[in-house]
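# Structure at a glance
So you can see what is in the structure, the chains are spelled out below.
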Amino acid sequence: MTVLPILKSAALAAVLLASTAVFASAKDVTISVWSGGSGPNDNYRTDAFDIAADILEREAAIRGEQLNIIVQKTPYSGWEDFKQALTLAAEAKKAPNIVATGHEDIGPWAQAGLIVPVENYIDLDSWPIGDIYPNLMEITSFNGAVYGIPQDAESRPMFFWKPYMKAIGYTDSDIEALPGKIEKGEYTLKNVLEDARKMQDKGLVQAGYGFYPRNSNGPDYWQFYTSFGGVMEEEGKLVFDKAAMKRTYQYFADLVKAGVTKKNHIGMPGDQWWKEVATGKAGIWHGGTWHYARLVNQEGLKDFFANVQFTLIPAGEGGKANTLTHPLAYLLMAGHTEEETQIAADLIKIASEPRINALHAIKSAHLGISPSETKVDLYAGNRWASEATERLLPHANAMPNNAEFGKYWTIMWKNLEATWTGAKTADAAVNDAETELKSTLGNSIIIR
Amino acid sequence: MAEKPQPSANFSSLPVILLLTLFSLPLVLMYAYLFIDTISETPVGSLIPNEFTLRHWSFLWQTKTGKPNIWLVTLNTFIFASCITAVILTVASMAGYVLSRLNVPARGFFLAGVMVLHAFPSVTLIIAIFIVLQYIGLYNSLIGVILVKAAIDLPLGIWLMKGFYDTVPWEIEMAGIVDGASRFTVWRRLVLPQIKPAVMALGLFSFLTGWSEFILPQVLAPGAQVQVLSVYLASLIIDDNNFDFGTFKAVGVFYVVPVLILYVFFQKHLMNIYGGGTKG
Amino acid sequence: MRTSRTLGLFMIAPASIMIFLFFLMPVVLTAIFAMTNMSTATGISGGAWQVTQAAVNRLKTDLPELADGIAEPRFIIDEEGLKELETLKLKPGFAAELRAEHMGEVYPSRREAERVIKALKDRPSTREVKQISDLFNRSVLNTRFETRDELMANLKKLGFDLTPQQQDIVARATYTGWIWTTDNFRIISSSPDMAQIFFNTAFYVSVTLLLFNVGYALFLALTTHYMQASTASVFRAIWLLPRITPVVIYVLLWKWLTWDSGFISTFMSQFGYPPKNYLLDTAYNAWFFVILINGFIGASMGMLVFSSAIKAIPQTQFHASEVDGASRLQQIRYIILPQLRWPILFVTCYQTLSLLASFNEILLSTRGGPGKATEVWSLAAFHTALNNYTGNLEYGLGAAMALVLVVVGIILSLIYLRIFRYDTLISKPLIED
């Protein structure tokens, strides 16, 4: 029994020590930055603030002020835990100053008052913000205010494993011309299914590996809805196009039925997916521009261009070829002093300068946010960045910023998953989705 | 130790031993490879290691990028588990005594309540627990999770302690009272020493569940400064960028060894508690 | 009498406070949340009133005139705003220049108004630009009002004098926070997905319980009973390992066993089977392993309870039966099992509750996949309320799902209380001081 009180007091003392914050001197400002979806290639999402803080401190010194910025960086590799931690922290008034997250969070977070418009702190006409692509700035706006500064851009191509394309009868020049044919709508999702089938029939890939989609929920699946003629939002109202959604659901059911995609594909482990895609176990798959960085840097796919062709997502019935850009944005979280938030905003502005942003764009194979960024040597000299920008970005859509979009997405995904695994027919899934959308979103969604 | 006579000793027990060994094989394999894989390299497609290495243990001296320092995390885990133990022991030994011995209003109601909570799916209340923590300002702090975890295990603790107190003879207390000591002194000086083994068992149990707890710190204290080993290891595993069983297992061994040591030394105490613990 | 009571109350106070804070409050809060539409977008602590485009759309049917009138942003440089600007004590040049150069100008967007303000010769900072433009805002569109009255006052200033009834409609359409609703229960009872999850849960709990927590536990207790004490203790020690191993490591071990680069794959590849992920390959596989993972943990409790119950059976009964030539199966059937009725009932009740509430193991192994195949109720509540890819945390719906478990938990515990007759457990204190 004598050990117990000692242990207790020692433990309590240790807790007190551990939870005591660093004693800050008057001129120190701590700026905390969190980012989601940040793997080893995405370190500049947060590291950019080290550079920005250094510059801002020097600028302050020249003006004769002493400013010492401590940047606290918290990158999260995934999304679920990141969003949970961030939302709860914000509710508990312990939010970070800056967060890099998907633009679709702007809607709900702005409605809940978790974030403040970045335009309250940054002059949008000033350089380098005024130089950012206007459509990207549009994507980070909500309710007439600009809430975030785009942190990167990307788009999501379809990938083809060249050796297998050749093995099923495509010549080099056919493969070269494929992006153009897809853009014109001459090669469609139906052809994807057929070619995937051919690859399997020839024994090039195992059953279920012909078409190898993303292994988890993601913005990617809205591309297929767009390919089949669906629209996500019109004039501030969400749109559920029953026919287009049914064709989308049906397509994935058909893929499974034809045996080119696995019935239990969703939820497979990420490490396995990457390894298989990088080593040519899959015939056709889709992903994002940043896949280039991961495949080349981590998964050991040395000669990317010799092995892989990339294109827009082909058109389906009733739609056209497209791709989706899902920019991350730097957002300012509410609940800090005006002074801190202003410094955070200044840091975001510096971090958005072309040379600094290009570090992230090239290292992680995302696309640049402004025309001047493409002129930075690092960016201009990169084959992937330049080709992907030219081939994909002009056709890019984005998901809408709508406070209710998350609910729509959850319902859309749930039913796609159910069709995919065969738990529901496409008809039933669309009907279930319609019922649930009506009951949860009511007037805020147009069903047609 | 003398072998105690077995019932039905005239039957051979070999077949059942063989059968059980077969069933136990997966577990034994998993634990054996848990240790082997941390210090060896195994070529792809083989099950037999061919090389000794300490590479997987590099997390001890190199802090991984984006992850907190392992020693800070270990310290946190130790503080976390110790404090939980301290809180549960203090609170449960008092409350258990009251329920066993003292005449307080609504004792039966309280006892019934403790028994209901004892088996209650408390983890489903996690959203609401978050709100409570947020209101008292303890979200994302070790103290907050310690209190929550201790509270969740408290009903079991109280229940156990009550059972143990029930076995202490009343005569001890009577004698103390006759000597002029207060009830509190009697409890502190006379009764508590009687149930030392129980305190020991409950303390071990609390320490182990605290050491293992995952979901509460994951949700209620996600910050890097307050992370514990379970959250640290889970975040390594979930990050598909660095998938490497060798490293995961090394962290796992680092994490599980204290548990195994306690288990080996105090197996008897633990068996008592894990077996439902309704008896003293 | 008094000392014992006071001391009792004092000694039980810490436990009462902790149980109140972390059991009773959460139960009450869960019940409250279950009656709301609380989510990330509505926030938890309450909302504001904001005329957004979406709100205008909602108002179009009921109050078309108002909706049209407030649909456009408008910024006007007028005397009222200039007066307010002068009282702000910023540089005097701002007001003077605006009055001289821009009096009466109307801008259809904030951006345009701010361009003019930014161009003032005294160069206001970005913060000041915001401050100034706010003074000339002559619409309510997209402005966040912290109180309802503030919004109504501003609407009145714009010339919209609303009846209390109309005010209610406007308030409802523009409120950003959560509202009371019973929708959550409607969704739970009508959605086919919920039915599927319910079925999954029933399947998971009953099969794990039957096969492992009771069945296999009984098997372990019986077989170890018929062994040398030392052998028996080895097996008991092995089967207690899953319970004492921290869950993250325990599930990691299973992942290693079942992963595409793991033990089973490597082992099977010796016989020419291509490697695959045995855990997530099909829904059947996933269920198989989910039940094994949980069952191996669950078996230990039953094993210990049953073992000690068997040990409590008088040895003479066994010896007597052996003299009569009873086989082991007969011993089990006629001596052991009848005396294990209560322990079995105890384990069944207790473990039903643990299984209903436990989602750690499934979360860490399959995350409810593949697809939604192994999603069980508690995990679904966790996913809905706290952990999903789109970051749309539906606290209200999640709480309603949790509440279902709470109710089931209370009912089962009450049954459990009746069975075990807790009232016999309270003895009257012998010292009455």
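Residues take numbers from 1 onward in each chain, read along the sequence in its written order. Ligands are numbered from 1 and chains lettered from A, in the order in which they are written. Local features in this predicted model are restricted to residues whose pLDDT is 70 or higher, and side-chain atom pairs enter the listing and the counts only when it is 80 or higher, whereas totals over whole chains, interfaces and linings include all residues.

What follows is about the overall build of chain B. Secondary structure elements are defined from DSSP: runs of H or I of at least 4 residues count as helices, runs of E of at least 2 residues count as strands, and each element is numbered from the N terminus. On a plain count of helices and strands, chain B comes out with eleven helices and two strands. Along the first, second and third principal axes, the C-alpha set of chain B runs to 75 × 65 × 30 Å. Any residue with 12 or fewer other C-beta atoms within 10 Å of its own C-beta is exposed, any with 20 or more is buried, and the rest are partly exposed; the C-beta atoms used are placed from the backbone. Residue burial in chain B is summarised as follows: out of 280 residues, 50% are buried.

Moving on: the domain arrangement of chain A. Residues and elements named next belong to chain A. Domain borders in the structure are assigned automatically or taken from a domain database. Here chain A is described as being made up of domain 1 (28–153 + 326–397) and domain 2 (158–324 + 404–447). Here the C-alpha centroids of domain 1 and domain 2 sit 29 Å apart. Placing a C-beta atom from the backbone of each residue, one calls two residues in contact when those atoms lie within 7 Å. Each partner contributes residues to the interface: domain 1 has 18 residues there, and domain 2 has 17 residues. Of all the secondary-structure elements, those providing two or more residues to the side of domain 1 that touches domain 2 are α4 (106–111), α15 (354–364), α17 (383–392) and β16 (396–397). A per-class count over the side of domain 1 that touches domain 2 returns eight nonpolar, seven polar and three charged. Under the convention adopted here, Pro, Cys and the residues Ala, Val, Leu, Ile, Met, Phe, Trp and Tyr are nonpolar, Asp, Glu, Lys and Arg are charged, and Gly plus all remaining residues are polar.

Here we come to the interface of chain A and chain B. Across the boundary between the two partners, chain A contributes 27 residues, which contact 23 residues of chain B. Of all the secondary structure elements, the ones that give two or more residues to the side of chain A that touches chain B are α1 (3–19), β2 (68–75), α3 (80–91) and α11 (270–278) of chain A. Top contributing element to the side of chain A that touches chain B by residue count: α1 of chain A, with eight residues. Class assignment for the residues of the side of chain A that touches chain B results in 15 nonpolar, eight polar and four charged.

When two helices pack together, their arrangement is given by the angle between the helix axes and the distance between those axes. Residues and elements named next belong to chain C. An axis is simply a line fitted to the C-alpha atoms; with a helix, the fit covers only the stretch in contact. Between two such axes, the angle follows the N-to-C directions and lies from 0 to 180 degrees. One way to put it is that helix α15 (residues 283–311) packs onto helix α18 (residues 341–357) with a least axis distance of 10 Å and a crossing angle of 155°. Taken as axis vectors, α15 and α18 run roughly antiparallel relative to one another. Seen from above, α15 lies across α18 with right-handed handedness. Here α15 contributes N294, G298, M301, G302, V305, F306 and A309 to the contact with α18, which in turn contributes P343, F346, V347, Q351 and L355. For classification purposes, angles smaller than 35 degrees are called roughly parallel, those larger than 145 roughly antiparallel, those between 65 and 115 roughly perpendicular, and all remaining angles oblique. For any helix crossing, the convention is left-handed if the near helix is rotated counterclockwise from the far helix by under a right angle, and right-handed if that rotation is clockwise.

By the assigned domains, chain B splits into domain 1 (14–53) and domain 2 (64–216 + 255–274). Put simply, the middle of domain 1 of chain B and the middle of domain 2 of chain B, counted by C-alpha atoms, are 36 Å apart.

With that out of the way, let us pick up the confidence of the model for chain B. All names here are of chain B. For chain B, per-residue confidence averages 83 on the pLDDT scale, and 92% of positions sit at 70 or higher. Within a predicted model, pLDDT stands for the predictor's per-residue confidence, ranging from 0 to 100. Below a pLDDT of 50 lies the segment residues 1–10, which in the model reaches eleven contacts outside its immediate sequence neighbourhood of four places, other chains included. Quick note on the complex model: pTM equals 0.87, ipTM equals 0.88.

So, about the sheet that holds strand β10 (residues 233–234) of chain A. In any sheet, the strands associate via hydrogen bonds between backbone groups, in a parallel or an antiparallel arrangement. All names here are of chain A. Only strands that DSSP links by at least two bridges are regarded as paired with each other. Read across the sheet, three strands follow the order β10-β11-β17 without closing on themselves; strand pairing throughout is mixed. Each edge of the sheet is formed by a strand with only one pairing partner; in this case those strands are β10 and β17 (445–447). As defined by bridge partners, β10 adjoins strand β11 (residues 237–240) across two bridges and the pair is classed as antiparallel. Pairing of E233 across the sheet is with L238, part of β11.

Further remarks concern helix α14 (residues 338–351) of chain A. A helix is expected to span 1.5 Å multiplied by its residue count minus one. With 14 residues, α14 of chain A extends 20 Å between its outermost C-alpha atoms, agreeing within 8% with the 20 Å of an ideal straight helix rising 1.5 Å per residue. For α14 of chain A, every residue scored as buried is listed here: T341, I343, A344, A345, D346, L347, I348, K349 and A351 of chain A.

Residues and elements named next belong to chain C. With respect to the helices, strands and loops of the structure, V140 is situated in the loop between α7 (126–135) and β4 (144–145). Using a count of 24 C-beta atoms within 10 Å as the deciding quantity, one classes V140 as buried. For V140 and A71, which are 69 residues apart along the polypeptide, the C-alpha to C-alpha distance reads 8.7 Å. Discounting chain neighbours no more than four positions away, the residues touching V140 are V51, I70, L151, N154, L155 and L158.

On to the sheet that holds strand β12 (residues 284–286) of chain A. All names here are of chain A. Strands sit in the order β9-β12-β8-β13 across an open sheet of four strands; the sheet is mixed. Strands at the two margins of the open sheet, each flanked by one partner only, are β9 (211–212) and β13 (308–311). The strands that helix α7 (residues 172–184) touches are β8 (158–161) and β13; relative to β13, the one it contacts most, it runs at about 15°.

Our focus in this paragraph is the pairing of strand β1 (residues 28–35) of chain A. Residues and elements named next belong to chain A. Among the eight residues that make up β1, six are buried, leaving the element largely enclosed by the rest of the structure. Where β1 meets β2, eight bridges bridge the pair, whose relative direction is parallel. Within β2, the position partnered with D28 by the bridge is N68.

Turning our attention to unusual backbone geometry. Of the consecutive residues W127 of chain A and P128 of chain A, the connecting peptide bond is found in the cis state with omega at 0°. A positive phi is found at N142 of chain C, a non-glycine position, where the angle reads about 65°. Mapped onto the fold, N142 of chain C is located in the loop between α7 and β4. In this model, R367 of chain C sits at a positive phi of 55°, which is unusual for a non-glycine residue. Within the element layout of this structure, R367 of chain C appears in the loop between α19 (360–365) and α20 (377–385).

On to α17 of chain A. Residues and elements named next belong to chain A. Within α17, burial applies to A385, A388 and L392. Around the axis of α17, the buried residues are gathered within 75° of arc, so they sit on the same side. Counted as exposed and oriented over 90 degrees from the buried face of α17: R383 and E390. Relevant arc is that of directions from the helix axis to the C-beta atoms, nothing else.

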